[in-house]
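Residues per chain are reported as follows:
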Amino acid sequence: MAGSTVLSEKCGSEGNALGPRQFDLDRCIHCGLCLNACPTYRELGLEMDSPRGRIYQMVQVSQGAPITPFYLEHIGLCLGCRGCETACPSGVQYGSMLEAAREEIETRGSRGRVATWLRHLFFGRVLQSRVHMSLAGTALYLFEASGMKALMRAVASLKLLGVLGDLIQLAPSIDPPFYFSQIGKTFPAEGEKKHRVAFLAGCLANVAFARLNEATVRVMQKNGCEVVVPVGQGCCGALHVHAGLRNEARVLARHNIDALSAGNYEAIISNAGGCGATLKEYGDLLADDPEYAGKAREFAGRVRDVTEFLASIELNPAMKRLDAVVTYQDSCHLAHGQHVRSAPRKLLSSIPGLTLKELRGADQCCGSAGIYNVVHTGMAMQLLRSKMEAVNATGASIVASSNPGCMLQLQAGVRMHGSGQKVMHVVEILDQVYKKVAGGRSNKAGS
Ligand code: SF4
Ligand code: SF4
């Protein structure tokens, strides 16, 4: 790091409280077995962009080295995909170390004013406000409805817009009405009521994935679940945690715990791998909060990804055939963070007529990684190109996923490098085969 601009000196009494814990840093034995599991290392071949290299830099900072642009660059380029955690024989908890390193960067004010203001606007305002999200969603909808998005995508396909073109490819399709109107409602089970669950609808998903949320509830109803979409719920804080804004995430976590505390739900359901991983880690996030630590552990113990829950109960077999070849892209935070790998595959395999074709490197990051593809678009697009080569090799007509962010990235991948594949969440595929059997009365709120 010699010669780099010093952004922040490690100093004062905060020194021991911030950054990864020494115990976690010491766990790395520098064996390098994680290197080939790391997407940025595979792309760049640079030690400083490998898990081992990043941990080495964290150790340097923990020993008093200053935070420099060099450090920001290499910690920033990490996807937080946690592929290295799965590969590591030494049990290194890389995800939590990365979050702590990023928290230290944020707390020491190591970013410029403009970057800090933009982050405050997005994480502090947009993600936490229905009004702001609805405004942003409406603006995107008008952009799409006016034909501007299609026009700009056509121009982008000629490689005339550079990074802006890539960002336009990533823009979600907005299909009103937004899901906010469903929050506070209860949806009855179809047939015998066997389960009572709460559904967390996300934050951006209320605007960009309203139809996915509806499909999730319908599939749960078809499987004997009464689904409550509790009033008072909000953003889970996953994007905040990944960005190092753990205090902001703690506020959001307490809010969700309070909103769901009275429900006595059998499970708290998420349909987003990234959100679910953070919800399951509320116990760690609030471990030092004497009032909430116990409640957070109890809350986290009930969180289930929708695929995990459905695969654990007796699945309603009344499905229509779907004669299609489907391949499945793991969500990093579902596979590496929550260790849920077989459940989505089991659900897909239970659909009559469906052929599940495994994807080469299915648990390697597609480049989505929260807002990574917006902030590090170049690297995200490099990873997406490789991912789409693997998708095209399967011959599948549907790419299934279990995380809305991955779906946006894969949809862009299909437009840029694919051959017309449909990108669907696992529950959207289930919804389709259930709907074909009977129109059903699902998604009608009971109260
Ligand atoms: S993170 Fe794990 S796999 Fe990677 S170098 Fe350290 S001990 Fe080895
Ligand atoms: S989280 Fe992903 S990108 Fe970051 S070091 Fe680990 S494997 Fe590499």
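In case you missed it, the structure is sitting above this.
Residues numbered from 1 in each chain as written. Chains lettered and ligands numbered in written order. Predicted model: local features only at pLDDT ≥ 70, side-chain atom pairs only at ≥ 80, totals over all residues. Heavy atoms only, no water.

*Asks:* How would you explain the sheet that holds strand β8 (residues 398-401) if you had to name every residue and give the values?
*Replies:* Whenever strands of a sheet pair, they do so through backbone hydrogen bonds, lying parallel or antiparallel. Strand order across the open sheet formed by four strands is β7-β6-β8-β9, with parallel pairing between neighbours. Only two strands of the sheet have a single neighbouring strand rather than two, namely β7 (355-356) and β9 (422-425). Looking at chain direction, strand β6 (residues 325-328) and β7 are connected through two bridges and run parallel. Bridge pairing in β7 places Val-326 opposite Leu-356. Helix α23 (residues 404-417) rests against β8 and β9 of the sheet, and its axis sits at about 170 degrees to β9. (Pairing = 2+ DSSP bridges. Helix = DSSP H or I, 4+ residues; strand = E, 2+ residues; numbered from the N terminus. Contact = heavy atoms within 4.5 Å. Axes fitted to C-alpha atoms, helices over the stretch in contact; angles between N-to-C directions.)

*Asks:* Please give an account of a nonpolar patch on the surface that cites residues and values.
*Replies:* Where nonpolar side chains cluster on the molecular surface, the patch consists of Val-114, Trp-117, Leu-118 and Leu-121 and spans about 420 Å² of accessible area. Residue placement: Leu-118 occurs in helix α7 (residues 113-125). (Patch = residues over 30% accessible without salt bridge, like charges linked within 9 Å, V, L, I, M, F, W, Y side chains within 5 Å. Areas by Shrake-Rupley, 256 points an atom, 1.4 Å probe, with all protein chains shown as cover. Salt bridge = Lys/Arg side-chain N within 4 Å of Asp/Glu carboxyl O.)

*Asks:* An account of the side chain of Asp-305 is requested, with residue identities and associated values reported.
*Replies:* Structurally, the position occupied by Asp-305 is in strand β5 (residues 303-305). No salt bridge is formed by the buried Asp-305. Its closest oppositely charged neighbour is Lys-280, at 7.1 Å. Among the polar contacts made by the side chain of Asp-305, one reaches the side chain of Thr-307 at a distance of 2.5 Å. What Asp-305 contacts, discounting residues up to four positions off in sequence, is Ser-270, Asn-271, Ala-272, Gly-273, Lys-280, Leu-334, Gln-338 and Ser-402. (Buried < 20%, exposed > 50% of the residue type's maximum accessible area, 1.4 Å probe, protein only. Lys, Arg positive; Asp, Glu negative; His and termini not counted. Polar contact = N/O pair within 3.5 Å; in protein donor to acceptor, adjacent residues only side chain to side chain.)

*Asks:* If you had to explain the site of ligand 2 to someone new, which residues and values would you point to?
*Replies:* Around ligand 2, the surrounding shell holds 13 residues, and the nearest of these are Cys-38, Arg-54, Cys-78, Cys-81 and Cys-84. Structurally, ligand 2 is housed in the second largest cavity. Secondary structure elements with two or more residues in the shell around ligand 2: α3 (51-62) and α5 (83-87). Class assignment of the residues belonging to the shell around ligand 2 gives a composition of nine nonpolar, two polar and two charged. (Near = heavy atom within 4 Å. 1 Å grid on protein atoms, 1.4 Å probe; cavity = no way out; pocket = protein on both sides within 12 Å on 5 of 7 lines; lining within 4 Å. Sits in = over half its atoms within 2 Å of the grid points. Nonpolar A, V, L, I, M, F, W, Y, C, P; charged D, E, K, R; others polar.)

*Asks:* Can you break down the site of ligand 1 residue by residue, with the values?
*Replies:* Surrounding ligand 1, one finds 13 residues, the nearest of these being Cys-28, Cys-31, Gly-32, Cys-34 and Cys-88. In a pocket analysis with a 2 Å cut-off to the grid points, ligand 1 is assigned to the largest cavity. In the shell around ligand 1, the residues fall into nine nonpolar, three polar and one charged.

*Asks:* Which residues make up the nonpolar core, and what values go with them?
*Replies:* Counting residues in each nonpolar core, the largest one holds 76 residues, and the members touching the most others are Met-220, Leu-310 and Ile-429. Dropping the residues within four chain positions of it, Ile-429 is found in contact with Leu-322, Val-326, Leu-348, Ile-351, Leu-354, Ile-398, Ala-400 and Met-424. Of all hydrophobic cores here, the second largest spans 23 residues; its members include Leu-72, Ile-75, Cys-88 and Met-97. (Core = buried A, V, L, I, M, F, W, Y, C linked by side-chain atoms within 4.5 Å.)

*Asks:* Lay out the environment of Gly-232 in plain terms, naming residues and giving numbers.
*Replies:* Tracing the backbone through its elements, the reader meets Gly-232 in the loop between β3 (225-228) and α13 (238-242). A relative accessible area of 30% places Gly-232 in the partly exposed class. The spatial distance from the C-alpha of Gly-232 to the C-alpha of His-120 is 22 Å, given a sequence separation of 112 residues. Sequence-distant contacts of Gly-232, that is, excluding residues within four places in its chain, are made with His-255 and Ala-259.

*Asks:* Which residues make up the packing of aromatic side chains, and what values do they have?
*Replies:* Under the counting rule described, the total for this entry stands at three aromatic pairs. On the numbers, 6.3 Å between centres and 85 degrees between planes, the contact of Tyr-179 with Phe-199 is edge-to-face. One end of the pair, Tyr-179, is in the loop between α10 (162-170) and β1 (186-187); the other, Phe-199, is in strand β2 (residues 195-199), with 20 residues separating them in the sequence. Of the two residues examined, Tyr-179 and Phe-199, each falls in the buried class. Relative to Phe-299, the ring of Tyr-282 has its centre 5.2 Å away and its plane inclined at 25 degrees; by these criteria the two rings are stacked. In this pair, Tyr-282 sits in helix α16 (residues 282-285) while Phe-299 sits in helix α17 (residues 293-302), placing the two residues 17 residues apart along the sequence. Of the residues examined, Phe-299 reaches a relative accessible area of 4% and is grouped as buried. (Phe/Tyr/Trp six-rings, centres within 6.5 Å; stacked < 30°, edge-to-face > 60°.)

*Asks:* Could you give me a rundown of the pairing of β2, with the residues and numbers involved?
*Replies:* Most of β2 is tucked away: four of the five residues are buried. When β2 meets β3, the two strands line up parallel, connected through four bridges. Among the inter-strand pairings, Val-197 is bridged to a residue of β3, identified as Val-227.

*Asks:* How would you summarise the sheet that holds β1 if you had to cite specific residues and measurements?
*Replies:* Spatially, the five strands line up as an open sheet ordered β1-β3-β2-β4-β5, and their pairing is mixed. Since the sheet does not close on itself, it has two edges, and those belong to β1 and β5, each with one partner. Pairing analysis gives three bridges linking strand β4 (residues 267-270) to β5, with the strands arranged parallel. Along β5, the bridge assignment pairs Ile-268 with Val-303. Across the sheet, helix α12 (residues 210-222) is in contact with β1, β2, β3 and β4; its angle to β3 comes to roughly 145 degrees.

*Asks:* Go over helix α8 (residues 130-145) with me, naming the residues and quoting the values.
*Replies:* Between its first and last C-alpha, α8 extends 22 Å over 16 residues, near the 22 Å set by a 1.5 Å rise per residue. Looking at where α8 begins, the residue whose side-chain oxygen comes 3.3 Å from the main-chain nitrogen of Val-131 is Ser-129. Gly-147 occupies a position one or two residues after α8 and carries a positive phi of about 90 degrees. (Expected span 1.5 Å × (residues − 1).)

*Asks:* Can you break down the pattern of salt bridges residue by residue, with the values?
*Replies:* Inspection of every chain in the model, using the stated rule, returns 24 salt bridges. With its nearest N and O atoms 2.6 Å apart, the salt bridge here joins Arg-321 to Asp-323. For the residue pair Arg-321 and Asp-323, the accessibility class agrees, reading exposed in each case. The shortest N-O distance in the salt bridge between Asp-330 and Arg-345 comes to 2.8 Å. Of this pair, Asp-330 sits in the loop between β6 and α19 (332-337) while Arg-345 is found in helix α20 (residues 342-349), placing the two residues 15 residues apart along the sequence. Here Asp-330 falls in the buried class, since its relative accessible area comes to 2%.

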